[in-house]
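The chain contents come next:
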Number of protein chains: 2
Amino acid sequence: MTLAPADPAFRARLAAELPASAFREPAPHYVEEPRGRWQGQAGVIVAPASTEEVATTLRIAHAAGVGVVPYGGGTGLVGGQVMPEGPAPLVLSLERMTRVRALHPSENTMIVEAGAILSDIHDAAAGADRLYPLSLAAKGTARIGGILSTNAGGVNVLRYGNARDLCLGLEAVLPDGTIWHGLKRLRKDNTGYDLRNLLIGAEGTLGVITAAALRLVPVPAGEGTALMAVRDPDAALALLDMAQAQMGSGVSAFEIIHRQGLDFLRQTLPDVRQPLDEPPEWSVLIEVGLPRGLDPAEALETLFAEGFEAGLVHDGVVAQSQAQRDALWDMREHIPEGNRRIGAIASHDIALPLGELPEFIRRGAALVADLGPYRINCFGHLGDGNLHYNIFPPEGESRDAYRAEAPAISRALHDLVAELGGSFSAEHGVGRLKVGDLEHYGDPAKLAAMRAIKSALDPRGIMNPGAVLRLPES
Amino acid sequence: MTLAPADPAFRARLAAELPASAFREPAPHYVEEPRGRWQGQAGVIVAPASTEEVATTLRIAHAAGVGVVPYGGGTGLVGGQVMPEGPAPLVLSLERMTRVRALHPSENTMIVEAGAILSDIHDAAAGADRLYPLSLAAKGTARIGGILSTNAGGVNVLRYGNARDLCLGLEAVLPDGTIWHGLKRLRKDNTGYDLRNLLIGAEGTLGVITAAALRLVPVPAGEGTALMAVRDPDAALALLDMAQAQMGSGVSAFEIIHRQGLDFLRQTLPDVRQPLDEPPEWSVLIEVGLPRGLDPAEALETLFAEGFEAGLVHDGVVAQSQAQRDALWDMREHIPEGNRRIGAIASHDIALPLGELPEFIRRGAALVADLGPYRINCFGHLGDGNLHYNIFPPEGESRDAYRAEAPAISRALHDLVAELGGSFSAEHGVGRLKVGDLEHYGDPAKLAAMRAIKSALDPRGIMNPGAVLRLPES
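Everything quoted here is computed from the prediction, not taken from an experiment.

**So, the pattern of salt bridges**
Then comes step 1: Counted by the stated rule, this structure contains 53 salt bridges over all chains.
Then comes step 2: A salt bridge links Arg-59 of chain B to Glu-17 of chain B, with the nearest nitrogen and oxygen atoms 2.9 Å apart. Separated by 42 residues along the polypeptide, Arg-59 of chain B in helix α2 (residues 51-64) and Glu-17 of chain B in the loop between α1 (8-15) and β1 (44-46) bring together distant segments of the chain.
Then comes step 3: By relative accessible area, Arg-59 of chain B is classed as partly exposed at 39%.
Then comes step 4: The shortest N-O distance in the salt bridge between Glu-107 of chain B and Arg-185 of chain B comes to 2.7 Å. Of this pair, Glu-107 of chain B sits in the loop between β4 (100-104) and β5 (109-113) while Arg-185 of chain B is found in the loop between β8 (179-182) and α6 (195-199), placing the two residues 78 residues apart along the sequence. Each member of the pair, Glu-107 of chain B as well as Arg-185 of chain B, is classed as buried.
Then comes step 5: Linked through salt bridges whose partners overlap, the residues forming this network are Asp-234, Glu-359, Arg-362, Arg-363 and Glu-419 of chain A.

The following block contains the structure:
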């Protein structure tokens, strides 16, 4: 079915049913995305103040066959938030729906509207001595509706799971404008198909999330952080195993860092403190949260001693204060900025079965070396099997000379990921960037089921057209 | 669309493509369910030996428009495993697909076929010093395909989640006979709609799960168990909060027990040991699994002392040996058998937001008292907000005299559950028993979406016809 443009006649239809305050003037951020790959379009921009206004908007767009691009914080990295092609869409921003509707500390739940910013959710939970553990670099801008729509991950997935694991219920407007009232605060609810998990990760192509019941967790009694230099990725995995045998789910983050990232940091951001004199070839950043009665620093020292004894680790530092913990995380969190300043030819957000990670790292390095004299920065959430695997030009050269090679590099690496049972998108999603990857690497039966579900729930194809699934030929 | 019967001509079509060994003679268990509410039908019974044979079977059934009832361990309590009405279906048993295809201890994953029995999965994990934490009373009979299809819960949901939270990937045959190869062993994989969670909990109405990638966990370094008598349900919740502030996610089970259940036990199963001289009005059974360096019994004694100090608990026992731990769980696990021997008029598997539990228990008791001189046994997984709330005749009377009252009692209780934001099916599912409840209490937008999804993925309506969603008028 052909989409219609969000033109003045369509705007007039909306204006007849929505208050004037719901309309937004065009501003650049509504049609941009962080990496500047696409320029979006916006025929009309609406920022509803309530779920009912979202429903009205979708009902009118559905009747008119106008595309709708839901817009949260705009921080997505795969172009899910901009529609560069086809008839100009309606951009639907959740920026005015930011309330914490309810907070239930004793049941570890919280009801928030989709436009709430992640760091505000952190603050609200902390105010009740609770933790909403999902955290990521864009926390000051990202909105929870977008975080859920993309099933975002971040640094605490090892212990607490992805966005979907921290959501108990949703309120959403379906493509025809009906409201699904599914804000359950229940740990168990086996009453029909799992619509919640279908909308989570659908990247706005099946409806608009307007509010969510989030799961909170108690703040751990004590937390600790350490950086340990490990022999190699195999040793890193063995150390993770050792840490979990000791502390179980108390291990909340387990990040791997390659020397290349630390070299880039020294070069581009020399003020960022690095605790070890010599950047180790491989190191891991470990975060633990432990019950009362255990000293986190002591537990990490025990782990270090056992890892040293077993020949897995050879150097390291256990933070002895909050300032030292912050400094270790500060180093980890500046690695992407170092990358940006060097300038990557190609970036990859991949996941692998934990057991295949060392194999991937070995074969990936060999494969890239065969393709050219590139530098590799491999880092990420080892505990989740999630690597950010970025390719850089040789020292002293600009990436511009190599940009044409990017597709061949990515294809070769993604082929290896697929061979090892991994994923070409661990936490960033498909958006518009990886529609072709999904078609190439995705299971055909799953793709057919996805298309059938899309047609069933959004028969006019108005929701985020071209994201996740290619626009039908019109 | 009208279904066709699984008649001799259909059997002949199957026999042309399946080996003779795939066919099963009729046996009573294929058409029975544990509570004897329904008598199923079976035109043909097939037990494929491989995913390919499942695919062949579904392809032929799809072409013929013959209903297919997937059959696991047959332990479901809501009639999802039997089709009593309509043209006789094909019963598809997973009993021959029981292999552990792979076990990866270092990555805490395991690939099993759908027919594997839960206790065999426990044993295989234990053999690798790992834990598959989902456990329930029927573990010696229930098969993992059915456990996933119904998103089963059990006693460790508080810490480890439901079946869906312990599954990383699936292999399944979709209604038209295509195979979805989705056995990913990944913690993060944002590549399209969440088909895994859609099939989990769909009770066999959207396809047949043939294998699963399960998440395992490290065995906790130390485990402990205690029974504490609490002032009332409010005090039980406050004690849970206290326990989690102390031990975080180390609290793996938190079960509430009302005196009525212990009285029934003394009456019907006097050999089951009860540790406290006088059955307390309310008590909680607490299980913890803690990191190395903490003594679980000591931690539970600390909790008891703090709970006592705060006026929440007034009596209790902390197990000092594995035998004492087993005895406490033995008592808890015999409560359903005590109920069966007394004979309930009506049983309910309900979930409530944690904060609403005390309110439900107060108002539920008042509401039942208004309806008649009934006895209530209220027990269950308090930490998950999941109560088993069963209604019994007055002492000395038979339930037969009151059976006609059951629907009115259940409707009144389920109305209260709905008013408080709860669920009429926490862990048992909808099956055929609660189709009417789903229509009555379910959100209309969600129901419409479910019907659209069912039509899209199973246009001929062959998969488990009449379960979850009512059979269309033919």
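**With respect to the domain arrangement of chain A**
Residue and element names in this part refer to chain A.
Then comes step 1: Annotation of chain A at the domain level lists domain 1 (8-95), domain 2 (100-218) and domain 3 (222-419).
Then comes step 2: For domain 1 versus domain 2, the separation of C-alpha centres amounts to 22 Å.
Then comes step 3: Roughly 1,300 Å² is buried in total at the junction of domain 1 and domain 2, and carbon and sulfur atoms are behind 71% of that figure.
Then comes step 4: A per-residue breakdown of the area domain 1 buries against domain 2 is headed by Thr-51, Leu-58 and Leu-94, which together make up 35% of the total.
Then comes step 5: Across the domain 1-domain 2 interface, the total number found is three residue pairs in polar contact (both at pLDDT 80 or more).

**Concerning the packing of helix α7 (residues 233-247) of chain B against helix α11 (residues 357-371) of chain B**
Residues and elements named next belong to chain B.
Then comes step 1: Closest axis-to-axis distance for the α7/α11 pair is 8 Å, and the angle between their directions is 165 degrees. Relative to α11, the element α7 is oriented roughly antiparallel. Once α7 is placed against α11, the crossing between them reads as right-handed. Each of Pro-233, Asp-234 and Leu-237 in α7 lies in contact with α11, whose residues at this interface are Pro-358, Ile-361 and Arg-362.
Then comes step 2: Looking at the contact of α7 with α11 residue by residue, the class counts come to four nonpolar, no polar and two charged.

The rules we used
Residues numbered from 1 in each chain as written. Chains lettered and ligands numbered in written order. Predicted model: local features only at pLDDT ≥ 70, side-chain atom pairs only at ≥ 80, totals over all residues. Heavy atoms only, no water. Salt bridge = Lys/Arg side-chain N within 4 Å of Asp/Glu carboxyl O. Helix = DSSP H or I, 4+ residues; strand = E, 2+ residues; numbered from the N terminus. Buried < 20%, exposed > 50% of the residue type's maximum accessible area, 1.4 Å probe, protein only. Domains from an automatic or database assignment. Buried area = accessible area lost by both parts, 1.4 Å probe. Polar contact = N/O pair within 3.5 Å; in protein donor to acceptor, adjacent residues only side chain to side chain. Axes fitted to C-alpha atoms, helices over the stretch in contact; angles between N-to-C directions. Parallel < 35°, antiparallel > 145°, perpendicular 65-115°, else oblique. Left-handed = near helix turned anticlockwise from the far one by under 90°. Contact = heavy atoms within 4.5 Å. Nonpolar A, V, L, I, M, F, W, Y, C, P; charged D, E, K, R; others polar.

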